[in-house]
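Residue-level structural notes
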Amino acid sequence: MVDVTQYLQDCKLILVSNREPYEHVRGAREGESEVKQPAGGLVTALDPTMRRTHGTWVAWGSGNADRDIADELGRVAVPPDEACYTLRRVWLDEADINGYYHGFANSALWPLCLMLIQHFEFRTEYWERYRTVNLRFAHAVADEAERCTGRAMAWIQDYHFALAPEFLRAMQPSLFIHQFWHIPFPPADILRLLPIGIHEAVLRGLLGNDLIEFQIDRYAANFLDCVEKFIPEAHVDHGRQTVSFRNRTVSVGAFPISIDVEHFIKMASSSDSLARVTTLRDRYARGDRQLGVCVDRIDYTKGIPERIRALDTLWEESPELRERFSFIFVCTPSRTDLPAYNALERDVIQSIIATNTKYGTSDWTPIVLINENVDSDLLAGVYRAADICIVSSLQDGMNLVAKEFVACQIDERGVLILSRFTGSAEEIDGAMLINPFNVDGFVAAIRTALEMSPEERKRRMHRMRRQLNNSTIFDWLGSILGRATEIMGMQTQPVTA
Ligand code: ADP
Ligand code: F6P
């Protein structure tokens, strides 16, 4: 087990993200509230790491009962059942949420980075709000750093905060600042779809960091290319993966994110999970029948319509698979205030109903839809019960669902069908890779997975599980903190003549 605290020693970790790890929401009864963990890779990955490092997590207080629980600074100890670290909530009003979160972050940067530019929309007011909110978060972090008696390190997360590093650098010139970019970083031809002046501002903002971490090398290379093309005063060294900018050196690197593997194995091995596996297989996969699963936020990047189309085509072309192969869709609504997400959710539900009406019988439903945010221990049982998991993202920085499925496959029976456009596909060796845009290839891959021998399945799954065990979320954290402390050390070394 990696001891992450060895890197931090007396240095306090101040983590910053848009999404908070615990949301307090009003309960059904007056005066009561409940705690929810929002779905998404960022929270899944970072909550276990913060439990180990005991720092402060600064994030948007998005729950409708969040203010009732926090103190006057917005602080609350979390997790609620075993306080390990501090959550400092930053408050956003409706105009902030619309301009910064729904606007610039999710209608401009998200579609550009994920290279689905038909969803790209830029408005000046989005950009202005994004700046204001980035500045507010930078102030909250600077305040947390000032309250520290010893050293501090700021660790910014994701595309919601491209400008915060530069703001924070101006407030705290000697603070070590680094950022993990969870999603792809686009090539220059895509980034320049942002207006002139804006794409340069995004890059200059990011260059306020000491270290910028990407999921894979290609995203890091895209970032360096963009800096080289658009920031004339910066000097890029592609070999060393560094940028010299304003008398400082900014380092860049690839650090593929992962999951708390042991935790998922533990959940999947529990007696509750085993009971769930028995129930699910009894209901959907008795005898030699097979069961598929997918788990996602309903997001246009996840290739959900493409997946439904592939399944529909499979049952159309191979009638012998009807009643022999069922599929569980675990899909939680996401970013529902944006029209594209709302329309997608409606479309997904209608397409599933259409497929079920076409092929379903009185005692067989082809696609079972669970349209909610399901607890992770329940998910672990579903992953374990499945013979196949499909991840069909059109683009995805990493995709943690793929790793969760592998971790939970205790019986090594399942096949992972994985889009080649995910970061995971570049890391996991043993999945069946698909191009979700190629429907015939997609259908053929599902058919091959269904026909795969138990020995071949076991061989592939065993290989993936071995790899995953060697690259957990704690290995990821260790390598990032190791690199960060190495750079910090170089910065504080006295200059010799
Ligand atoms: P993203 O960060 O884009 O949402 P990832 O696949 O990296 O994509 O991470 C998604 C995370 O959210 C995983 O931990 C997954 O288990 C969780 N998740 C996705 N959909 C659901 C759902 N319907 N119910 C519960 N958790 C979900
Ligand atoms: O992994 C990318 C990401 O945007 C995370 O930053 C985020 O927590 C997750 O997807 C879910 O999105 P949101 O926070 O907008 O619900």
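Refer to the structure above for everything that follows.
Let me begin by describing the structure that accompanies this report. The structure presented is a predicted model; accordingly, all values stated were derived computationally and were not measured.

The tendency in soluble globular proteins is for nonpolar side chains to be buried as a group. Residues Phe 104, Phe 185, Phe 223, Phe 329 and Ile 446 are the most contacted members of the largest nonpolar core, which totals 108 residues. Setting aside chain neighbours within four positions, we find Phe 104 in contact with Gly 99, Leu 109, Phe 122, Tyr 126, Trp 127, Tyr 130, Leu 194, Ile 198 and Val 202. Leu 46, Trp 57, Ala 285 and Met 398 belong to the second largest nonpolar core, which has 74 residues in total.

An order of E5-E6-E4-E1-E7-E8-E9-E12-E11-E10 is seen for the ten strands of this open sheet, with the pairing classed as mixed. Each end of this open sheet is capped by a strand with a single partner; those strands are strand E5 (75–78) and strand E10 (235–237). The average undirected angle you get between the axes of adjacent strands in this sheet is 20°. For strand E9 (residues 211–214) and strand E12 (residues 248–254), the ladder comprises four bridges, and the chain directions are parallel. Among the inter-strand pairings, Leu 211 is bridged to a residue of E12, identified as Ser 251. Sitting on the sheet, helix H9 (residues 217–230) touches E9, E10, strand E11 (242–245) and E12, and the angle it makes with E12 is about 150°.

Lining the immediate surroundings of ligand 2 are Arg 19, Ala 39, Leu 42, Tyr 101, Trp 110, Asp 158, Tyr 159, His 160, Ile 183, Arg 297 and Arg 335. With respect to ligand 2, the side chain of Tyr 101 contributes an N or O atom lying 2.6 Å from an oxygen atom. Within the side chain of Asp 158, an N or O atom sits 2.5 Å from an oxygen atom of ligand 2. Relative to its unbound accessible surface of 380 Å², ligand 2 loses 92% to contact with the protein.

The next subject is helix H13 (residues 339–359). Between its first and last C-alpha, H13 extends 30 Å over 21 residues, near the 30 Å set by a 1.5 Å rise per residue. Those residues of H13 not exposed but buried are Tyr 341, Leu 344, Glu 345, Val 348, Ile 352, Thr 355, Asn 356 and Tyr 359. Taken end-on, H13 shows its buried residues confined to a sector of 100°, consistent with a single buried face. In this structure, H13 carries Pro 339, Arg 346, Gln 350, Ile 353 and Thr 357 as exposed residues pointing more than 90 degrees from its buried face. Those residues of H13 that are buried are in contact with helix H4 (94–113), helix H12 (304–317), strand E14 (325–332) and strand E15 (367–370).

In terms of burial, E12 is a largely internal element, five of the seven residues being buried. With four bridges joining them, E11 and E12 adopt antiparallel strand pairing. Pairing of Ser 244 across the sheet is with Thr 249, part of E12. Where E11 folds back onto E12 in an antiparallel hairpin, the turn is made up of two residues, including Arg 246, whose phi is positive at roughly 50°.

Surveying the vicinity of ligand 1 reveals 20 residues, the closest of which are Gly 41, Thr 44, Arg 297, Lys 302 and Glu 404. Measuring from a nitrogen atom of ligand 1, one finds a backbone N or O atom of Asp 296 at 3.4 Å. Bound to the protein, ligand 1 loses 90% of the 560 Å² it would expose on its own. Of all the secondary-structure elements, those providing two or more residues to the shell around ligand 1 are helix H2 (41–53), strand E13 (290–297), E14, helix H14 (376–385) and helix H15 (400–408). A per-class count over the shell around ligand 1 returns nine nonpolar, six polar and five charged.

The step from Val 78 to Pro 79 runs through a cis peptide bond, and the omega angle for that step is -10°. One can find Pro 79 in the loop between E5 and strand E6 (85–90). Here the phi dihedral of Met 115 falls at roughly 60°; this positive angle occurs in a residue that is not glycine. Inspection of the secondary structure puts Met 115 in the loop between H4 and helix H5 (124–146). The phi dihedral of Asn 399 is positive, around 85°, even though this residue is not glycine.

Moving on, we come to the pattern of salt bridges. The final tally for this structure, using the stated rule, is 38 salt bridges. Residues Asp 47 and Arg 51 are paired through a salt bridge, measuring 3.0 Å at the closest nitrogen-oxygen approach. Here Arg 51 and Asp 47 lie together in helix H2, a separation of four residues that amounts to about one turn. A relative accessible area of 5% places Asp 47 in the buried class. Between Asp 387 and Arg 413 there is a salt bridge, with the nearest N and O atoms lying 3.5 Å from each other. Of this pair, Asp 387 sits in the loop between H14 and strand E16 (388–391) while Arg 413 sits in the loop between H15 and strand E17 (415–419), and the two are 26 residues apart along the sequence. Each member of the salt-bridge network shares a partner with another, and the members are Lys 12, Arg 75, Arg 88, Asp 143, Glu 144 and Arg 147.

Moving on, we get to the environment of Val 236. Looking at the element boundaries, Val 236 is found in strand E10. The buried category is assigned to Val 236, whose relative accessible area is 8%. For the pair formed by Val 236 and Leu 224, sequence separation is twelve residues and the distance between their alpha carbons is 6.7 Å. Ignoring anything within four residues of it in the chain, the contact list for Val 236 reads Leu 224, Val 227, Glu 228, Thr 242 and Val 243.

What follows covers the sheet that holds E16. Read from one edge to the other, the open sheet built from six strands follows the order E15-E14-E13-E16-E17-E18, with strand pairing classed as parallel. Two strands bound the open sheet, and with one partner strand each, they are E15 and strand E18 (432–434). Between one strand axis and the next, the sheet turns by 20° as a mean value, whatever way the strands run.

Moving on to the environment of Thr 357. When you line up the elements, Thr 357 lands in helix H13. Since its relative accessible area comes to 62%, Thr 357 is described here as exposed.

Rules used throughout
Residues numbered from 1 in each chain as written. Chains lettered and ligands numbered in written order. Predicted model: local features only at pLDDT ≥ 70, side-chain atom pairs only at ≥ 80, totals over all residues. Heavy atoms only, no water. Core = buried A, V, L, I, M, F, W, Y, C linked by side-chain atoms within 4.5 Å. Buried < 20%, exposed > 50% of the residue type's maximum accessible area, 1.4 Å probe, protein only. Contact = heavy atoms within 4.5 Å. Pairing = 2+ DSSP bridges. Helix = DSSP H or I, 4+ residues; strand = E, 2+ residues; numbered from the N terminus. Axes fitted to C-alpha atoms, helices over the stretch in contact; angles between N-to-C directions. Near = heavy atom within 4 Å. Polar contact = N/O pair within 3.5 Å; in protein donor to acceptor, adjacent residues only side chain to side chain. Areas by Shrake-Rupley, 256 points an atom, 1.4 Å probe, with all protein chains shown as cover. Expected span 1.5 Å × (residues − 1). Arc of directions from axis to C-beta. Nonpolar A, V, L, I, M, F, W, Y, C, P; charged D, E, K, R; others polar. Salt bridge = Lys/Arg side-chain N within 4 Å of Asp/Glu carboxyl O.

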